[in-house]
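# Coordinate inspection notes
If you want the building blocks of each chain, they are given just below.
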Amino acid sequence: MNLSAIKAYAQQARRDFIAAVKARAAIYRLTTDGAEQTNQRHVIGSRPATRREVEHRDRLARQMRQEGFDYVIEQVAYTWFNRFAALRYMELKGYLDHGYRVLSHPEGLRQPEILDHAADVSLPGLDRDEATQLKLDGARDEELYRLLLLAQCNALHRAMPFLFDSIGGETELLLPDNLLHSDSLIRKLIGGIAEGAWEEIEIVGWLYQFYISERKDQVIGKVVASEDIPAATQLFTPKWIVQYLVQNSLGAQWMATYPDSPLERTMDYYIAPTEQNEDVRARLRAITPASLDPEELTLMDPACGSGHVLVEAYTLFRAIYLERGYRREDVAQLILEKNLFGLDIDQRAAQLAGFAIMMKGREDDRRLFERDVRLRVLASVDSTDVATEEWDRETDGLTDGDMRAFKQLFVHASTYGSLIQVPERFKEMLPALRQSIGGSLVDQAALLARQYDVVVTNPPYMGSRAMNPLLKKFAERMYRDAKRDLFACFIERGYTLAKPNGHSAMVTMQGWMFLSSYEALRVRMLRKKTIRTMAHLGARAFGSISGEVVQTAAFVLINSVHNGYRPVFLRLLDGNESEKRNALTQGLHRYDATVQDAFHTIPGCPIVYWLSDRFCEVFRRGTPLGALVEARKGLDTGNNDRFLRRWHEVDSEKCGFGMKDREIALRSGKKWFPYNKGGAFRKWYGNLEYLINWEHDGRAIRAYGTENGERPRSRVQNTNCYFQEAVTWSEIGSSLAFRFIEQGAIHDSKGPSIFDATSIGRSLLAGYSNTPIVRTMYTSGEVHLALSLWRVGVLVLLP
């Protein structure tokens, strides 16, 4: 699959579809200035219109007033893009009942094949007489093709109502024009993506990511509005990572009950658990069902995007059913209706997710489209969009207050999505609510209220700085330990979506494993859950074409704790995507000796799985350095070019050396004093290259940036440590070495961190800095981890 070609096509297609839909809207006098008003009921502009056209046009006008012209245009353009992509996939797979291609011709002719058979093709709602007349006319192919295309969409409405309108939907008005032209939207789709690329259904996921990628570039780095969250957070998950997650959650659950199952031979990314002690084995046996009914197993993707997780889960469910003796043609509807569940805040993504799993089902059941399959894949619905005329009445014990509270729960559902937790009282009310209200809102509530055997997702990544006030407040209120990023909130939501002893599998940014801001999340996880396996992927796991450089980790949790359990970790930090994938399948860089409980012995509970038992023992019996000394950050000038100089650049008569404290430095009348920055790797002593303007106790630095009454740009902090002896190190580098700083220098804040060396003595520290423990800890390549450990006082001095 040529992803570069798909990316180039999809990015241009977004612009083309938006322009084409705008042009179509202008015909109906729908513009950024609003809808043109007219007193003539069946006239729009200067052209006559049918009653249905006027009604649909008026609905679009109301929607544009409520949601904005550009937003509605973009959503309609996206929907038609999805429909054309779906039709292209189905015509190449031979899934259209009449057997003709709708967008292209099998012999490479420019005219779509269905036009050749316009007089005899059978489609629901198609006026055969009108089609025949247009065909005979010979000069009205555009009109005829539009008629056939809309009839085809209507024919697919029964099987996929989430993607295809029935005839009469308002999106019909905005179907772009000139679809038979040589440079039409359809011709660009046919020419832009080779037929071979449509062999696998995952193409729709790549199209989704690349279609919205330019919008992502526009909003990334800013506070993101609710409607832009999908674009800002979309990241299509490579197939092998999805397979790892699904196979080690759903697959692992099946293998636990049926250890001799042939299913293991089909799962390339399944990680067999390491040998556990007898106590752990006994506890695992106690929670493992004696048998499993495939029809009762459930898997949920709470941020399903275009459905890649659900597609891979379908494949594994199919293998499970076949192992139990089901016929292949019978499993499709069972899987789609009983096993797979998904939710996404982006309606267009949910359309593609539903389409993708329907196509997987169609592989197995050629009559699937006739079976009225009811998918369990939804787009989040705000309760403000739901008609409430009949809500204010009592039904089966429901009060007006119940109705209002239920509605309030989902007012911002398209922003919060699966992070919404349905209170117990509403779970009990769901049957009555379904009878009283019904519709998508109750379906959504039911989806979020239940628990699943397996939860698998690639959740959105968005730090709190990018969250809009509405989302940030919600995260702070509902996910206190995880509020720093949406992915962390989804980790915690997985605990409540999964059944007790079920599995939760995710690929997220790796920061939660180490950073102090996620300490509470780690502590809770390690105390309440069990890490079954983790593939520590680092950077480049998502491939260069995605443009993402996020550092990630894929992991599977058992939704209960088993003290003494030894997880399997795979350290796949090196190499590109292909090299990581190959290392995973070969079981390379495997760490399975560390008991999960050992992480509790290290302050902050970092997931440092590569540490040996001997190293962990050091933490158990040693004294944390933080118990003896306290780390301090130094001075940040705010403008080094302005306030720093090399030693040879200033008059030595203006330099002050050997100052014992700030008071002495002030009285000296000197301007330039030694300034300690991090610099290159160097042990024990050195990197004394800079002088700082600290004249008048730093008057100029303190005032820097305050000229217009703003806050100073500099950070003058921990001034009581200035000019004191200290130990320091460089923050960035491939390894870490401590350096002693003599009395008389001011310390930088960005390069090194410092602590007072006098309380334990320079000779003591220098001696311990060369111990095997310190060398082991700081030559592992995890410099940032080492620094975070150091700053919370983790480095241990042996007694």
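Structure first, text after, so check above.
Only a predicted model underlies this, so the values are computations on that prediction, with no experimental measurement involved.

## Quick notes on the overall build of the protein
Helix and strand counts for the protein stand at 31 helices and 23 strands. For the protein, buried positions account for 54% of its 799 residues. Carbon and sulfur atoms make up 46% of the accessible area of the protein, which totals about 34700 Å².

## A few points about empty space enclosed by the protein
Applying the stated rule across the entire model yields three cavities of 30 Å³ or more. As a volume, the largest cavity reaches approximately 420 Å³. In terms of lining, the largest cavity is formed by 33 residues, of which the most central are Ala-303, Gly-305, Asp-344, Asn-458 and Pro-460. Counting residues per element, the ones that place at least two in the lining of the largest cavity are helix H10 (229–233), helix H14 (308–323), strand S6 (340–344), helix H18 (413–416) and helix H22 (486–497). Broken down by element, the residue count for the lining of the largest cavity peaks at three residues, all from H10. When the residues that make up the lining of the largest cavity are grouped by side-chain class, the tally is 19 nonpolar, 12 polar and two charged.

## Concerning unusual backbone geometry
Glycine aside, residues mostly have negative phi, and peptide bonds are mostly found in the trans state. One non-glycine residue, Asn-178, lies in positive phi territory at about 55°. In this structure, Asn-178 sits in the loop between helix H6 (141–157) and helix H7 (185–192). Positive phi, normally seen in glycine, also occurs at Arg-540, with a value near 75°. Looking at where Arg-540 falls in the secondary structure, it is placed in the loop between strand S10 (530–538) and strand S11 (552–558).

## A few points about the nonpolar core
Grouped together as the largest cluster of nonpolar side chains are 216 residues, with contacts concentrated most on Phe-84, Met-90 and Trp-512. Per-element accounting of this core gives the leading share, 14 residues, to helix H3 (residues 69–93). Each residue touching Trp-512, except ones within four places of it in the same chain, is listed here: Phe-487, Ile-491, Tyr-518, Leu-521, Arg-522, Met-525, Met-534, Phe-555 and Ile-607.

## Thoughts on a positive patch on the surface
On the surface, a cluster of positive charge is made up of Arg-465, Arg-480, Lys-483 and Arg-484. One can find Arg-480 in the loop between helix H21 (469–478) and H22.

## Observations regarding the packing of aromatic side chains
The tally for this structure, following the rule as stated, stands at 29 aromatic pairs. An aromatic cluster of at least three residues, connected via ring pairs, comprises Tyr-9, Phe-17, Tyr-78, Trp-80, Phe-81, Phe-84, Tyr-208 and Tyr-211. The ring of Phe-426 has Arg-425 lying over it, and the distance from NZ or CZ to the ring centre is 4.4 Å. Stacked on the ring of Trp-610, the Lys or Arg Arg-571 has its end atom at 4.3 Å from the ring centre.

## Remarks on helix H24 (residues 577–585)
Buried within H24 we find Lys-580, Ala-583 and Leu-584. Summarising the axial view, the buried residues of H24 lie within an arc of 100°, below the 170-degree limit, and thus occupy one face. Check the buried side of H24 and you find it contacts helix H11 (239–247), S10 and strand S12 (568–571). N-capping of H24 is provided by Asn-576, with a side-chain oxygen placed 3.2 Å from the backbone N of Ser-578. A positive backbone phi angle near 70° is found at Gly-587, which sits one or two residues after H24.

## A word on the environment of Tyr-479
Topologically, Tyr-479 is positioned in the loop between H21 and H22. Judged by its relative accessible area of 2%, Tyr-479 falls in the buried class. The spacing of Tyr-479 and Leu-419 is 60 residues in sequence and 9.0 Å in space, taken between C-alpha atoms. Not counting the four nearest positions on each side in its chain, Tyr-479 is found in contact with Leu-419, Gln-421, Phe-474, Cys-489, Glu-492 and Arg-493. Within the structure, Tyr-479 has its side chain in polar contact with the backbone oxygen of Leu-419 (distance 2.7 Å). For Tyr-479, the side chain forms a polar contact with the side chain of Gln-421, separated by 3.0 Å.

The rules we used
Residues numbered from 1 in each chain as written. Predicted model: local features only at pLDDT ≥ 70, side-chain atom pairs only at ≥ 80, totals over all residues. Heavy atoms only, no water. Helix = DSSP H or I, 4+ residues; strand = E, 2+ residues; numbered from the N terminus. Buried < 20%, exposed > 50% of the residue type's maximum accessible area, 1.4 Å probe, protein only. Areas by Shrake-Rupley, 256 points an atom, 1.4 Å probe, with all protein chains shown as cover. 1 Å grid on protein atoms, 1.4 Å probe; cavity = no way out; pocket = protein on both sides within 12 Å on 5 of 7 lines; lining within 4 Å. Points joined across faces, edges and corners; volume = space filled by probe spheres on them. Nonpolar A, V, L, I, M, F, W, Y, C, P; charged D, E, K, R; others polar. Core = buried A, V, L, I, M, F, W, Y, C linked by side-chain atoms within 4.5 Å. Contact = heavy atoms within 4.5 Å. Patch = residues over 30% accessible without salt bridge, like charges linked within 9 Å, V, L, I, M, F, W, Y side chains within 5 Å. Salt bridge = Lys/Arg side-chain N within 4 Å of Asp/Glu carboxyl O. Lys, Arg positive; Asp, Glu negative; His and termini not counted. Charge placed at Lys NZ, Arg CZ, Asp CG, Glu CD. Phe/Tyr/Trp six-rings, centres within 6.5 Å; stacked < 30°, edge-to-face > 60°. Lys NZ or Arg CZ within 6 Å of the ring centre and 35° of its normal. Arc of directions from axis to C-beta. Polar contact = N/O pair within 3.5 Å; in protein donor to acceptor, adjacent residues only side chain to side chain.

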